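Reading the structure
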Amino acid sequence: MADMGTPEHVGIIMDGNGRWAKRRLLPRLAGHRAGMKRMLALLEHIYGCGVKCVTVFALSAENLSRPKDELDGLFALFREYFSTQTERLSEKGIRLRVIGDRGLIPADIVSLIKEGEEKTAKGERATLAIAIGYGGRQDIVAACNKAVRAGREVTLKSFAETLSTGGMPALDLLIRTGDEKRLSNFLLFEAAYAELIFSTKMFPDYTDGDFDEALKEYAARERRFGALHPADRT
Ligand code: FPP
């Protein structure tokens, strides 16, 4: 287990790829490609820091309304990622999970995802969850509907297990790049007591060193989970 100062589960909203490209007079897709490259290297670093579980917001359900060209380019990147990276994840003992509505993404990508999840299913060192066609509110509604269909009331614990992140450790730290300060429908239930860190950097510029700074800030924060501030305890 990671030490107390290291988060067990980190969420990342990789925002700013489009603006990164625009500032360089490049097409948006060049920003997404640079973002994917940066994410691959950053993940190595994050697991090296002792983090056990990372959830990456790669495509929201709402992002699916983007222009066809951009979506086709993103789907091509997903195809490339799942075709080339799952073997490496398996070798490193990292279990892949993809969360989100698979009905929203092309069938051949769903097949690649299933293959990747099967290939990495025995991974025990760490978990990588990639959110594609994902929405936190949609995930909560789907979990409610499961409970309704089963005709049972839920508890906080059973409800959390029914979400697509069920079985993963509680979200400790959520990082968003791209100079925006909102959750944008990512891990809404899970983020209840996560520490939030916002970076002004566009995702392709977010370095391993920036992540180290985020870890330091996380370790320096006092997590009270609703309890009294120490100064007010008698
Ligand atoms: C946000 O930037 C990023 C996205 C909507 C897509 C990110 C997904 C990838 C790079 C695909 C590959 C990822 C993995 C991990 C397999 P934006 O377009 O909203 O940026 P902007 O706000 O500057 O326009």
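Everything below is about the structure printed above this text.
Now for a look at the structure at hand. Sequence order sets the numbering: in each chain, residues are counted from 1 along the sequence as written. With pLDDT at 70 or above as the cut-off, local features in this predicted model cover only qualifying residues; side-chain atom pairs require 80 or more to be listed or tallied, and sums for whole chains, interfaces and linings still use all residues. Neither water nor hydrogens contribute to the side-chain values; these are computed over all heavy atoms in the structure.

**Examining the side chain of Ser-199**
Starting at the N terminus, helices and strands are each numbered in turn, a helix being any DSSP run of H or I of at least four residues and a strand any DSSP run of E of at least two. Take Ser-199: it is sitting in the loop between β6 (195-198) and α7 (208-220). Beyond its immediate sequence surroundings of up to four residues, Ser-199 is in contact with Arg-176, Thr-177, Gly-178, Asp-179 and Tyr-206. Whether two residues are in contact is decided by their heavy atoms: any pair within 4.5 Å suffices.

**Structural notes on the pairing of strand β1 (residues 9-13)**
Most of β1 is tucked away: 5 of the 5 residues are buried. Residues His-9, Gly-11 and Ile-13 point to one face of β1 and Val-10 and Ile-12 to the other, with burial holding for every one of them. For every residue, the accessible area (1.4 Å probe, protein chains only) is compared with the maximum for its type, and the residue is labelled buried under 20%, exposed over 50%, or partly exposed between those bounds.

**Description of the sheet that holds strand β2 (residues 53-60)**
Note: two strands are recorded as paired if DSSP finds a minimum of 2 bridges between them. Pairing within the open sheet is parallel, and its 6 strands lie in the order β3-β4-β2-β1-β5-β6. Both edges of this open sheet fall to β3 (94-99) and β6, since each of them pairs with a single strand only. Strand-to-strand twist of the sheet, defined as the mean angle between neighbouring strand axes without regard to direction, takes the value 20°. Pairing analysis gives 4 bridges linking β1 to strand β5 (residues 173-176), with the strands arranged parallel. The residue of β5 that forms the bridge with Ile-12 is Ile-175. Whenever a helix is involved, its axis is fitted only over the stretch in contact; in every case the axis is a line through C-alpha atoms, and angles between N-to-C directions fall within 0 to 180 degrees. In this fold helix α2 (residues 28-48) packs onto β1, β2, β3 and β4 (126-134), with an angle of close to 160° to the strand it touches most, β2.

**Considerations on the packing of helix α3 (residues 68-91) against helix α4 (residues 107-119)**
Where α3 meets α4, the closest approach of the two axes is 9 Å, and the angle between their N-to-C directions is 15°. In terms of orientation, α3 and α4 fall into the roughly parallel class. Of the two elements, α3 crosses α4, and the hand of that crossing is left-handed. Across from Phe-75, Phe-78, Arg-79, Phe-82, Ser-83, Thr-86, Glu-87 and Ser-90 in α3, the residues of α4 making contact are Asp-108, Ile-109, Leu-112, Ile-113, Gly-116 and Lys-119. Here the nonpolar group is Ala, Val, Leu, Ile, Met, Phe, Trp, Tyr, Cys and Pro; Asp, Glu, Lys and Arg are the charged ones; every other residue, Gly included, is treated as polar. For the contact of α3 with α4, the per-class residue count stands at 6 nonpolar, 4 polar and 4 charged. Roughly parallel refers to an angle under 35 degrees, roughly antiparallel to one over 145, roughly perpendicular to one between 65 and 115, and oblique to any angle outside these ranges. In this scheme, a crossing is called left-handed if the near helix is turned counterclockwise away from the far one by less than a right angle; it is called right-handed if the turn is clockwise.

**Structural notes on the packing of aromatic side chains**
Only Phe, Tyr and Trp rings are paired, with Trp represented by its six-membered ring, and only when their centres lie within 6.5 Å; those with planes under 30 degrees apart are stacked, over 60 edge-to-face, the remainder tilted. Within the structure shown, the criterion is met by 7 aromatic pairs. Pairwise contacts between aromatic rings join Phe-57, Tyr-134 and Phe-186 into one cluster.

**So, the pattern of salt bridges**
Whenever a carboxyl oxygen of Asp or Glu lies within 4 Å of a side-chain nitrogen of Lys or Arg, that contact is scored as a salt bridge. Evaluation of the coordinates by the stated rule reveals 22 salt bridges. The partner of Asp-15 in a salt bridge is Arg-176, and the shortest N-O contact between them spans 3.0 Å. With a gap of 161 residues between them, Asp-15 in the loop between β1 and α1 (17-23) and Arg-176 in strand β5 connect regions that are remote in the sequence. Here Glu-195 makes a salt bridge to Arg-221, at a shortest N to O gap of 2.9 Å. Taken together, the residues Glu-195 in strand β6 and Arg-221 in the segment after α7 connect sequence positions 26 residues apart. Overall, Glu-195 belongs to the buried group, its relative accessible area being 14%. Here the salt bridges share partners, and the residues they tie into one network are Asp-15, Arg-19, Arg-176, Glu-180 and Arg-182.

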